[in-house]
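Single-letter residue listing:
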Amino acid sequence: MGVVLKGSVLNQILKDLFDSDPEIKKMAAKAILKDADEPAQVFSSILKEADRPTATVVYDVLFDAEGDFSSIFRAATGDDDAQVRNRAIRYLFRRGMLLPQDGISWLEDSDPFVRRRVISYLFWMNDRTSLGAVVRLSNTDPDPMVRKDCLRLISIWGTKSEVPHLIKALEDPSHMVRTQAVHALKRLTGEDFGEPLGASPEEFEWIVAKWQGWWEIMGERT
């Protein structure tokens, strides 16, 4: 593999890593981690030709290992497997290696759980430069849970300039998204036209109509 190893015994360990038995794979990965001069370099080389079971074991071992394997996990954010991408992003966040521009680009990930994870991490990073991307996603993402999470983040980071997007979200096909939009509007504007949680369908539609009527008046003044 073009990698300098510490001791010829690691040649056998590398063979064991590709064994069909998951436990043997795991023991081999841990042995490489312990005995290789540059484990990150060894594992990077291994992952270039590893099958899915082998790659999974490597990522599992490295996730909780001492040392910095951020280069490996950064490469894994482009993996075909959404679970791998999700774990790679989690590793980078935990290590403080997740950059705001990365988070914004990963909001376009094809997997909704990955997008939700990224939204959570952006919140904990308190990086408001990503607000614009989150606002756009609040009205366009195909997954209602993602749209709801976006609205929750907008309610914390946003200002009254985001109110038009929240008003638009009142027409969302998902009831939980519409409910979150009402909560976000209450938080950002200080207005209150009723509590949507526990409201009957008729009461909820009345609350929505009051917000829309309020915006018809207030929107003309802005």
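Calculation rules
- Residues numbered from 1 in each chain as written.
- Predicted model: local features only at pLDDT ≥ 70, side-chain atom pairs only at ≥ 80, totals over all residues.
- Heavy atoms only, no water.
- Helix = DSSP H or I, 4+ residues; strand = E, 2+ residues; numbered from the N terminus.
- Rg over C-alpha atoms; globule rule 2.2 N^0.38 Å.
- Buried < 20%, exposed > 50% of the residue type's maximum accessible area, 1.4 Å probe, protein only.
- Contact = heavy atoms within 4.5 Å.
- Lys, Arg positive; Asp, Glu negative; His and termini not counted.
- Charge placed at Lys NZ, Arg CZ, Asp CG, Glu CD.
- Phe/Tyr/Trp six-rings, centres within 6.5 Å; stacked < 30°, edge-to-face > 60°.
- Salt bridge = Lys/Arg side-chain N within 4 Å of Asp/Glu carboxyl O.
- Patch = residues over 30% accessible without salt bridge, like charges linked within 9 Å, V, L, I, M, F, W, Y side chains within 5 Å.
- Areas by Shrake-Rupley, 256 points an atom, 1.4 Å probe, with all protein chains shown as cover.
- pLDDT = per-residue confidence, 0-100.
- Expected span 1.5 Å × (residues − 1).
- Arc of directions from axis to C-beta.

### Side note on the overall build of the chain
Link 1 in the chain: When helices and strands are counted, the chain shows 13 helices and 0 strands.
Link 2 in the chain: Shown N-terminal to C-terminal, the secondary structure of the chain runs as helices and strands in the order α-α-α-α-α-α-α-α-α-α-α-α-α.
Link 3 in the chain: Here the chain has a C-alpha radius of gyration of 24 Å; the compact-globule value for 222 residues is 17 Å, and the former is much larger.
Link 4 in the chain: Projected onto its principal axes, the C-alpha positions of the chain cover 80 × 30 × 20 Å.
Link 5 in the chain: By the burial criterion, 45% of the 222 residues in the chain qualify as buried.
Link 6 in the chain: A fraction of 56% describes how many contacts in the chain between residues 6 or more apart in sequence connect residues 24 or more apart.
Link 7 in the chain: Of the side-chain charges in the chain, 29 are positive and 35 negative, and the distance between the mean point of each set is 3 Å.

### Details of the packing of aromatic side chains
Link 1 in the chain: Counting across every chain of the model gives 9 aromatic pairs.
Link 2 in the chain: Considering the side-chain rings of Y59 and F73, the 5.7 Å spacing of their centres and the 45 degrees angle between planes classify their relative orientation as tilted. One end of the pair, Y59, is in helix α4 (residues 52-63); the other, F73, is in helix α5 (residues 70-76), and 14 residues separate them in sequence. Comparing Y59 with F73 shows no difference in burial state: the two are buried.
Link 3 in the chain: Ring centres of F93 and Y121 lie 4.1 Å apart, and the angle between their planes is 5 degrees; on these two criteria the pair is classed as stacked. With F93 in helix α6 (residues 82-94) and Y121 in helix α8 (residues 112-125), this pair connects stretches of sequence that are 28 residues apart.

### With respect to the side chain of E162
Link 1 in the chain: Within the secondary structure layout, E162 lies in the loop between α10 (144-157) and α11 (163-169).
Link 2 in the chain: In this structure, E162 is buried with no salt-bridge partner, the nearest side chain bearing the opposite charge being R128 at 8.3 Å.
Link 3 in the chain: With sequence-adjacent residues up to four places away left out, E162 is seen in contact with L131, V135 and I154.

### Section: a nonpolar patch on the surface
Link 1 in the chain: Taken together, the side chains of F123, W124 and I156 present a nonpolar region at the surface, about 320 Å² in accessible area.
Link 2 in the chain: Secondary-structure assignment places W124 in helix α8.

### Considerations on the confidence of the model for the chain
Link 1 in the chain: Residues with a pLDDT of 70 or more make up 94% of the chain, whose mean pLDDT is 89.
Link 2 in the chain: Predicted confidence in the chain is weakest over helix α1 (residues 9-17), with a mean pLDDT of 79, and strongest over helix α12 (residues 175-189), with 96.
Link 3 in the chain: Counting contacts from residues 1-6, a segment whose pLDDT is below 50, to residues more than four positions away or on other chains yields 15 contacts.

### A few points about the pattern of salt bridges
Link 1 in the chain: Counting across every chain of the model gives 12 salt bridges.
Link 2 in the chain: Between D102 and R74 there is a salt bridge, with the nearest N and O atoms lying 2.8 Å from each other. Taken together, the residues span a long stretch of sequence, with D102 in helix α7 (residues 100-106) and R74 in helix α5 at a distance of 28 residues.
Link 3 in the chain: Taking the relative accessible area as the measure of exposure, R74 reaches 31% and is therefore partly exposed.
Link 4 in the chain: K186 is the salt-bridge partner of D192, the closest N and O atoms lying 3.6 Å from each other.
Link 5 in the chain: Overall, K186 belongs to the buried group, its relative accessible area being 19%.
Link 6 in the chain: Each of R116, D149 and R152 takes part in one network of salt bridges that share partners.

### As for helix α13 (residues 201-218)
Link 1 in the chain: A rise of 1.5 Å per residue sets the reference length of α13, with its 18 residues, at 26 Å; its end C-alpha atoms lie 26 Å apart and thus fit the reference within 8%.
Link 2 in the chain: Inspection of α13 places F204, I207, V208, W211 and W214 among the buried residues, and these make up the whole buried set. Buried positions in α13, seen along its axis, are confined to an arc of 120 degrees and lie on one side of it. Away from its buried face by more than 90 degrees, α13 exposes P201, E202, W206 and E216.
Link 3 in the chain: Residues of α13 that are buried in the fold lie against α11 and α12.

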